[in-house]
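What follows is each chain in one-letter form.
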Amino acid sequence: MRKGFLKMIVLKIISKKPIHGYDIIHAIETITHGHWVPSPGSIYPVLDFLEARGYVSMEEIDRKKVYTITEEGKKALEAIEEKRRQLTEEMSLLFND
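Residues numbered from 1 in each chain as written. Predicted model: local features only at pLDDT ≥ 70, side-chain atom pairs only at ≥ 80, totals over all residues. Heavy atoms only, no water.

> Requested: an account of the overall build of the chain, with residues and values cited.
Counting its regular elements, the chain contains four helices and three strands. Listing every helix and strand of the chain by position from the N terminus yields α-β-α-α-β-β-α. Its C-alpha atoms give the chain principal-axis dimensions of roughly 55 × 30 × 20 Å. Taking all 97 residues of the chain together, the buried fraction comes to 27%. (Helix = DSSP H or I, 4+ residues; strand = E, 2+ residues; numbered from the N terminus. Buried < 20%, exposed > 50% of the residue type's maximum accessible area, 1.4 Å probe, protein only.)

This is how it looks when you write it as structure tokens:
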């Protein structure tokens, strides 16, 4: 899994509801029907990166770090999704012509 893809997937999961790291791991496992279970060693550096960029905020609740998407994170996710739409459209035009 490319790091950029993992960052996008994690940000998208966090955009749905505040969540902690192990729940993100389980969400990815569910999304991939058990084909991929990322390790904490791959998830927590991504969370640190997203927090450092201001895309998520972290709050400690019951001794667990809970991550929430920020407005900046929502904008970044929208930009990523727009890029994906544009790429899909370009590929469609390329192969349909």
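There's more to say after this.
> Lay out the nonpolar core in plain terms, naming residues and giving numbers.
Among the nonpolar cores identified, the biggest contains 19 residues, and Val10, Leu11, Ile14, Ile24 and Ile43 are the most heavily contacted of them. The element contributing the most residues to this core is helix α1 (residues 3-16), with five residues. Contact partners of Leu11, with chain neighbours within four places excluded, come to Leu50, Tyr55, Val56, Ile69, Gly73, Ala76 and Leu77. (Core = buried A, V, L, I, M, F, W, Y, C linked by side-chain atoms within 4.5 Å. Contact = heavy atoms within 4.5 Å.)

> Lay out helix α3 (residues 40-52) with the relevant residues and their values.
Taking 1.5 Å of rise per residue, 13 residues should cover 18 Å, and α3 covers 18 Å from first to last C-alpha, within 8% of that figure. Following α3 by one or two positions, Gly54 adopts a phi angle in the positive range, close to 85 degrees. (Expected span 1.5 Å × (residues − 1).)

> Let's hear about the pairing of strand β3 (residues 64-69): which residues, and what values?
The pairing of strand β1 (residues 19-20) with β3 spans two bridges and is classified as antiparallel. What sits directly across from Ile19, in β3, is Tyr67. As paired strands, strand β2 (residues 56-61) and β3 are joined by six bridges and run antiparallel to one another. Directly across from Ser57, in β3, lies its bridge partner Thr68. Hairpin connection of β2 to β3: two residues between the antiparallel strands, including Asp62 at a positive phi of 50 degrees. (Pairing = 2+ DSSP bridges.)

> Please set out the packing of aromatic side chains residue by residue, giving values where relevant.
Applying the stated criterion to the full structure yields one aromatic pair. If you follow Lys7 out to its NZ or CZ, it ends over the ring of Phe49, 3.8 Å from the centre. (Phe/Tyr/Trp six-rings, centres within 6.5 Å; stacked < 30°, edge-to-face > 60°. Lys NZ or Arg CZ within 6 Å of the ring centre and 35° of its normal.)

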